[in-house]
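Residues per chain, in single letters:
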Amino acid sequence: MPESTAPTSTTPSERTAYRTCPLCEATCGLEITIKTKGDGTEEVSRIRGDMNDVLSKGFICPKGSSLKHFHADPDRLRRPVVKRDGVFVEVGWDEAFATIEAGLLPIMEQHGRDSVGLYLGNPTVHSIGAALHTGSLVKSLGSRNRFSASTVDQRPKEISSAAMFGSVVIPIPDLNRTDHIILLGTNPYASNGSLCTAPGFPDKLEAIQARGGKVVVVDPRLSETALKCDQHVAIRPGSDTHLLAAIANTLLEEGLADPSNVAEHCQGLTDLPDLLAAYSPDAVAPICGIDAEVIRDLARELAAAPSAAVHGRIGTCTQEFGTLASWLVDVVNILSGNMDKVGGVMFPKGAAGQPSSKGKPGTGRGFRMGRVTTRVSGLPESLGEFPVTALPEEIETEGEGQIRAMITVAGNPVSSNPNTDRLDAALASLEFMVSVDPYINETTRHADVILPPPSPLQKAHFDIIFLNLVIHNVANYSPPILSLDGEMDEWEIMLALSSILVGVGANDLDEAVTSGDEMVARMLLKSAVRDEYGLVFDRDIDELMGLVGNKVGPERMLDIMVRTGPYGDGFGTNPDGLTMDVLSEHPHGIDLGALEPGRVPDLLRTPSGKIEVVPDLIRTDLDRLAASLDRDWADSMVLVGRRHVRSNNSWMHNLQILMKGRNRCTMQINPLDAERLGINDGEAATVSSRVGQVMIDAEVTEGIRPGVISIPHGFGQNMPGVKLRVATEYRGINTNVLTDEYFRDEITGTIALNGVPVTVSAN
Ligand SMILES: Nc1nc2c(c(=O)[nH]1)N[C@H]1C(S)=C(S)[C@@H](COP(=O)(O)OP(=O)(O)OC[C@H]3O[C@@H](n4cnc5c(=O)[nH]c(N)nc54)[C@H](O)[C@@H]3O)O[C@H]1N2
Ligand SMILES: Nc1nc2c(c(=O)[nH]1)N[C@H]1C(S)=C(S)[C@@H](COP(=O)(O)OP(=O)(O)OC[C@H]3O[C@@H](n4cnc5c(=O)[nH]c(N)nc54)[C@H](O)[C@@H]3O)O[C@H]1N2
Ligand code: SF4
Ligand SMILES: [Mo]
């Protein structure tokens, strides 16, 4: 068990503790005041931004302080629940695991391991216990049917980056120093950014403007970010690939391309002019709905700026050409001379390491996908997972390998995945389902057993993932702030579930968790001592285990990762280096310095030792893009998404403090369309797609391109059986009733949530 918090200051009835906010990618530092009540129990009295946090320096958004309300939410599960005769009843942990054993094992024995599917949701990466033990769960499950929220999210970017650089390393815009930024398909004023960890992202954009730089936003909506930027380019959804190709084309045609800073480490640069020849600004202008001259100027200004960065997110990833768009972002960064450069895009160096900080610098095995494909549609595996667009058919279609049971961890696919109605029915048809989740929501209501994790205030935290996506290198560890009160920690739940899957009886779990925890620690060390380029090559594992001391759980794993990582003490080799003890002594985090240029070629892990400027995978997909040049792009109205600062995907809608105010789940529509269709502001309209239909309040606004409607995702909790008393009262609908699992980025199978053809009518 993790050690309890060392409070940094105390009074008889009050103490202050610090913790990184786990809710989004910004990783803001929180200052949390805890009061001891008369009965000796503790209660959070205030949460505000930690002014001394090395990265966020006091920044916080309304969601951060709502952790207190999440912790106190009466609908949040504190004990496991088991479904009996269709009704959830609270049970003890032993009984919950015994029910899982009795439910899952016979299915696996009779139908093989692939008969149990796994879905990992977004908070998995925000919860250290879930993130660190995903590997154990996957291994114990032994099923090829693994899915995650990544394929409704950033997977196209991970794939394009891994194909170019050899492992999943993603170039991050140098927000603190850039002179010019083009943001595509991201609205950091609402989301605080993504694949770019930057607490106070909006302030950073304003600072660019204040120092004489320029912020360009490419978005079909006049988003909050677009409203504040210097130039808003209202693109037609789904055509970012065309726009970026035309920007690259212009750089090449007009002699503005200057990739010289990385050219010697690139392979395939000279292929670009031919491959992109068809994408002149004139050719793509009618597709993008952007004047050719505007496109040329975007390229010219990019080239002229002393430093510049192009950054694309959700709008560019979850669209029909998501992988190509993600790839072209980096192609443009290379061609404009901004790859791996101060003020351009650079590569963070996370303290807990990543594949590009291990093994021989500058070369590796590279990236492969599609080693296995889905049974029904033949969609490729990537990074060990199948795209969620295949999930419903893999549950429905009979035959060997059919998914008959599911485990979901920190996910709400009924809300977040495409074609809700079909997936919902598929989950209802399962023989057995287990969820690790704090709520009975749209998805977990189908579970037979729900295992609730403790609230974030009771868990330790360290951002293994996001500190490799951050705009300034830092490391920040937060111990648990409140103690457990009969809950199991999330890492223990993960290990206990893993143990059940390999046949450990429900009665022997305590011992199995302890030994499983030691085993994963030893495995980490084993791989570290084998790395001849690492800090602990050839050292003795028992000796290193001894040096970790009496830590257990995530704290022990982190100690190993950090000590063998890029800043680590190497268990003594580098005495001034980082350890968990050092991190624990710094509750506001440790500043590890600005991002550094020149990390190419050492961080490359391609077999060629070069940046693969045109990876084979990409080359294969360019024909599909070429065919789209002849399409009638104005054919249909299309649907896009959006986010709001007071909402977080699907799962914070039960907190009254965030939900108060006007209805935010509206359909934004341009007045020209509204008038043509006879739709009035504030009145309900009907939207239908190939797969479904919703009724939703219209919000008529100039702030969206004609031909486009926008509906936020994550709403619509009012389904039978959901136990979210605030959320189910909210006037919202689930936009994924409309999104279509067969409208996808074909090369990866990733869903296209943006640019979905729809018809809209007045009621
Ligand atoms: N408040 C809040 N913050 C969040 C979240 C949340 O739900 N709420 N979720 C978190 C998560 S999981 C993620 S992944 C990030 C996502 O963070 P962002 O990527 O910033 O996501 P959004 O805020 O949805 O912004 C996407 C923008 O893309 C635009 N768009 C839609 N289609 C297209 C298109 O085809 N082309 C272009 N160029 N633009 C398009 C939309 O109009 C929208 O303004 O946010 C994280 N932060
Ligand atoms: N139309 C449309 N759909 C979208 C998007 C969009 O822009 N438009 N965005 C997509 C994106 S970017 C994402 S990331 C996905 C998210 O997709 P999902 O991850 O499937 O869904 P979330 O809404 O994040 O739900 C998270 C679940 O985790 C639970 N949870 C919260 N905290 C914890 C914890 O600490 N531990 C555990 N075990 N469970 C926890 C919550 O109760 C909830 O059930 O949605 C995607 N869906
Ligand atoms: S922006 Fe808000 S939700 Fe995101 S980490 Fe910061 S406080 Fe938490
Ligand atoms: Mo996401």
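Definitions and limits used
Residues numbered from 1 in each chain as written. Chains lettered and ligands numbered in written order. Predicted model: local features only at pLDDT ≥ 70, side-chain atom pairs only at ≥ 80, totals over all residues. Heavy atoms only, no water. Buried < 20%, exposed > 50% of the residue type's maximum accessible area, 1.4 Å probe, protein only. Helix = DSSP H or I, 4+ residues; strand = E, 2+ residues; numbered from the N terminus. Pairing = 2+ DSSP bridges. Near = heavy atom within 4 Å. Nonpolar A, V, L, I, M, F, W, Y, C, P; charged D, E, K, R; others polar. Axes fitted to C-alpha atoms, helices over the stretch in contact; angles between N-to-C directions. Salt bridge = Lys/Arg side-chain N within 4 Å of Asp/Glu carboxyl O.

## Some words on the pairing of strand β11 (residues 214–218)
Then comes step 1: Counting buried positions over the five residues of β11 gives five, a clear majority of the element.
Then comes step 2: Here β11 shows a buried face lined by Lys214, Val216 and Val218 and a second buried face lined by Val215 and Val217.
Then comes step 3: Here five bridges tie strand β10 (residues 180–184) to β11, and the two strands are oriented parallel to one another. Its bridge partner being in β11, leucine 183 is matched across the sheet by valine 217.
Then comes step 4: As judged from the three bridges shared by β11 and strand β12 (residues 231–233), these two strands associate in the parallel manner. Bridge pairing in β12 links valine 218 to valine 233.

## Thoughts on the site of ligand 3
Then comes step 1: By nearness alone, every residue bordering ligand 3 is listed as Cys21, Leu23, Cys24, Ala26, Thr27, Cys28, Ile60, Cys61, Lys63, Gly64 and Asn192.
Then comes step 2: By residue class, the composition of the shell around ligand 3 is seven nonpolar, three polar and one charged.

## Comments concerning the sheet that holds strand β7 (residues 116–120)
Then comes step 1: One open sheet accounts for seven strands, arranged β6-β5-β18-β17-β16-β7-β8; its pairing is mixed. One side of each edge strand has no neighbouring strand; the edge strands of this open sheet are β6 (87–90) and β8 (146–148). Averaged over all pairs of adjacent strands, the angle between strand axes in this sheet comes to 20 degrees, irrespective of strand direction.
Then comes step 2: When β7 meets strand β16 (residues 405–409), the two strands line up parallel, connected through five bridges. Note that in β16 the partner of leucine 118 across the bridge is isoleucine 407.

## Some points on the pattern of salt bridges
Then comes step 1: Counted according to the given criterion, the structure contains 41 salt bridges.
Then comes step 2: Note that arginine 300 and aspartate 297 form a salt bridge whose closest N and O atoms lie 3.2 Å from each other. Pair noted here: arginine 300 and aspartate 297 are both in helix α13 (residues 292–304), with a separation of three residues, about one helical turn.
Then comes step 3: Under the relative-accessibility criterion, arginine 300 is labelled partly exposed at 29%.
Then comes step 4: The class of aspartate 297 is partly exposed, set by a relative accessible area of 33%.

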